[in-house]
Amino acid sequence: MIVDDMLRTPDAVRDAERWTAHNYHPLPVVISSAEGAWLTDVDGRRYLDCLAGYSALNFGHRHPQLVAAAHAQLDKLTLTSRAFIHDQFATFCRELAQLCGKELVLPMNTGAEAVETAIKVARKWGYQVKGVPAGQANIVVAEGNFHGRTTTIVSFSTDADARDDFGPYTPGFTVVPYGDLAALTAAIDDNTVAVLIEPIQGEQGVVVPPEGYLPGVRQVCTERNVLFLADEIQSGLGRTGTTFACDHEDVVPDMYLLGKALGGGIVPVSAVAANADVLGVLKPGQHGSTFGGNPLACAVATEVVRLLATGEFQQRSAELGERLHAGLRGLIGQGLVAVRGRGLWAGLDIDPALMTGRQACERLMELGILAKDTHGSTIRLAPPLVITPNEIDHALTQLTTVLTA
Ligand SMILES: Cc1ncc(COP(=O)(O)O)c(C=O)c1O
């Protein structure tokens, strides 16, 4: 029997709080190992991972093929910088470009860097190709967006926590309501170089736009000679049951922004993929990153692309997502007021009269399920795509207990 004062968790939580800035409010759980969809804490308790590192762990923890690629690469070459070419680089860029159906790839590290890359490329394209007057480019973005944490990106956030007191803000962005095609169309002017949106808004609570919105964005972008930049950093790479969330409506953006799962849960890897008429505007010295496209990252990410090329993970997400959503829909009226999402990705709105999202996540944690709240009463579920049907049922049972006990 575990006696409370023998537990290592309380000390480890206190230590973490003592030695770090409080820019996160983590659940009081201290993980020490993981495999597949399961995590183990410092006291030996096991948890089913229903967050998957905000989709960075789509293939589960320590997927054998990815770990093997990382080990093999660690023993050969880890970093060159882009001053030299290494032997993993072209393979990764080619295979990712092919997965995206695009001509070129530009690798970076974090999601925010992919977004910054997209913004810079769109502006340069606007001036050099579209003919926008110098300094006048604007980009249309959506309310409720989450694209990262840099000063430029938070400049067009509509979330007070993300934005307030981080000014002065970068100009050149027009914010319109998400899912409202008429508003987006009206916001486009002659100096608009791009529309930047998430095909499903993850941080906002897994908000799926109305059917026809994404094809409408595609059409208006084509008509007005504006780049469609799809931030698939959280929604892409199998999460929604297809390779990209845009695929559900057969929409092909001008640029995919990728991150999170691209690093296989091992290394930070992000990238943008687009055709040469867009990415070709960048010339040497105009953009880059010391670690972007490093050998270790490329070796792991190439295996990620190969896992996705099999289609197995997309299929798992589609099929198991049906099971997850069917179970969740059954809880509407029994503690849940709404459920949204696609594939193995769900946003659940908890009845605010019952408890907050945070309280629900704390209770789930006590029952061995790890998930994360967002915006008060919403919980996001995004389990690794290797989760089994029984494990989904287990998560649903525990959620039912939390909501109805
Ligand atoms: C849609 C989207 N874009 C960009 C980012 C930023 O990625 P990163 O945290 O790796 O900078 C995130 C992170 O949650 C995201 O969900």
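Residues numbered from 1 in each chain as written. Predicted model: local features only at pLDDT ≥ 70, side-chain atom pairs only at ≥ 80, totals over all residues. Heavy atoms only, no water.

K.L.:
Before we go on, may I ask you to explain the overall build of the protein in this structure?
P.N.:
A count of helices and strands for the protein gives 14 helices and 15 strands. Since a compact globule built from 405 residues should have a radius of gyration of about 22 Å, the 21 Å found for the protein is in line with a globular shape. Dimensions of the protein along its principal axes, counting C-alpha atoms only, are 70 × 50 × 40 Å. Buried positions account for 53% of the 405 residues belonging to the protein. At a minimum sequence separation of 6, the contacts of the protein that also span at least 24 residues come to 72%. (Helix = DSSP H or I, 4+ residues; strand = E, 2+ residues; numbered from the N terminus. Rg over C-alpha atoms; globule rule 2.2 N^0.38 Å. Buried < 20%, exposed > 50% of the residue type's maximum accessible area, 1.4 Å probe, protein only. Contact = heavy atoms within 4.5 Å.)

K.L.:
In this structure, what is going on with the pattern of salt bridges? I would like to understand it.
P.N.:
Pairing of side chains with opposite charge becomes possible as their charged atoms draw close. Using the criterion set out here, one finds twelve salt bridges in the structure. Put simply, Arg358 and Glu362 hold a salt bridge, and the shortest N to O gap is 2.9 Å. With a gap of four residues between them, Arg358 and Glu362 both fall in helix H13 (residues 357-366), about one helical turn apart. Connected through shared salt-bridge partners, Asp41, Asp43 and Arg45 make up one network. (Salt bridge = Lys/Arg side-chain N within 4 Å of Asp/Glu carboxyl O.)

K.L.:
Please clarify how the sheet that holds strand E10 (residues 270-274) should be interpreted in this entry.
P.N.:
Consider a sheet: its strands pair through backbone hydrogen bonds, and that pairing is either parallel or antiparallel. Spatial ordering of the open sheet is given by E4-E10-E9-E8-E7-E5-E6, a layout of seven strands whose pairing is mixed. Two strands close off the open sheet at either side, each with one partner strand: strand E4 (104-108) and strand E6 (173-176). Neighbour-to-neighbour, the strand axes of the sheet open up by a mean angle of 20°, direction not taken into account. As judged from the three bridges shared by strand E8 (residues 227-231) and strand E9 (residues 255-258), these two strands associate in the parallel manner. From the neighbouring strand, Leu229 faces E9, where its bridge partner is Met255. (Pairing = 2+ DSSP bridges. Axes fitted to C-alpha atoms, helices over the stretch in contact; angles between N-to-C directions.)

K.L.:
Whenever I open this one, empty space enclosed by the protein confuses me. Can you help?
P.N.:
Rolled over the atoms, a probe as big as a water molecule pinpoints where empty space is left. Scanning the entire structure with this criterion turns up two cavities of 30 Å³ or more. Its boundaries defined by the atoms lining it, the largest cavity holds a volume of some 50 Å³. What lines the largest cavity is simply Cys50, Leu324, Leu328, Leu364, Ile369, Leu381, Ile392, Ala395, Leu396 and Leu399. At the level of secondary structure, the elements contributing two or more residues to the lining of the largest cavity comprise helix H12 (312-329) and helix H14 (389-404). Here the element with the most residues in the lining of the largest cavity is H14; it accounts for four residues. Taken together, the residues of the lining of the largest cavity sort by class into ten nonpolar, no polar and no charged. One number sums up the size of the second largest cavity: a volume of about 40 Å³. (1 Å grid on protein atoms, 1.4 Å probe; cavity = no way out; pocket = protein on both sides within 12 Å on 5 of 7 lines; lining within 4 Å. Points joined across faces, edges and corners; volume = space filled by probe spheres on them. Nonpolar A, V, L, I, M, F, W, Y, C, P; charged D, E, K, R; others polar.)

K.L.:
What exactly am I supposed to notice about the site of the ligand here?
P.N.:
As a structural note, the neighbourhood of the ligand is formed by Thr110, Gly111, Ala112, Phe146, His147, Gly148, Glu198, Glu203, Asp231, Ile233, Gln234 and Lys260. Between the ligand and Gly111 there is a distance of 2.8 Å, counted from an oxygen atom to a backbone nitrogen or oxygen. Residue Lys260 places a side-chain N or O atom 2.7 Å away from an oxygen atom belonging to the ligand. Protein contact buries 82% of the 390 Å² of open area that the ligand shows by itself. Across the shell around the ligand, the residue classes break down as three nonpolar, five polar and four charged. (Near = heavy atom within 4 Å. Polar contact = N/O pair within 3.5 Å; in protein donor to acceptor, adjacent residues only side chain to side chain. Areas by Shrake-Rupley, 256 points an atom, 1.4 Å probe, with all protein chains shown as cover.)

K.L.:
How should I be thinking about the side chain of Asp231 in this particular structure?
P.N.:
The residue Asp231 is located in strand E8 in this model. Within the structure, the side chain of Asp231 is placed 2.8 Å from the side chain of His147, a separation counted as a polar contact. Beyond its immediate stretch of four places on either side in the chain, Asp231 contacts Val115, Phe146, His147, Leu196, Ile197, Glu198, Pro199 and Leu257.

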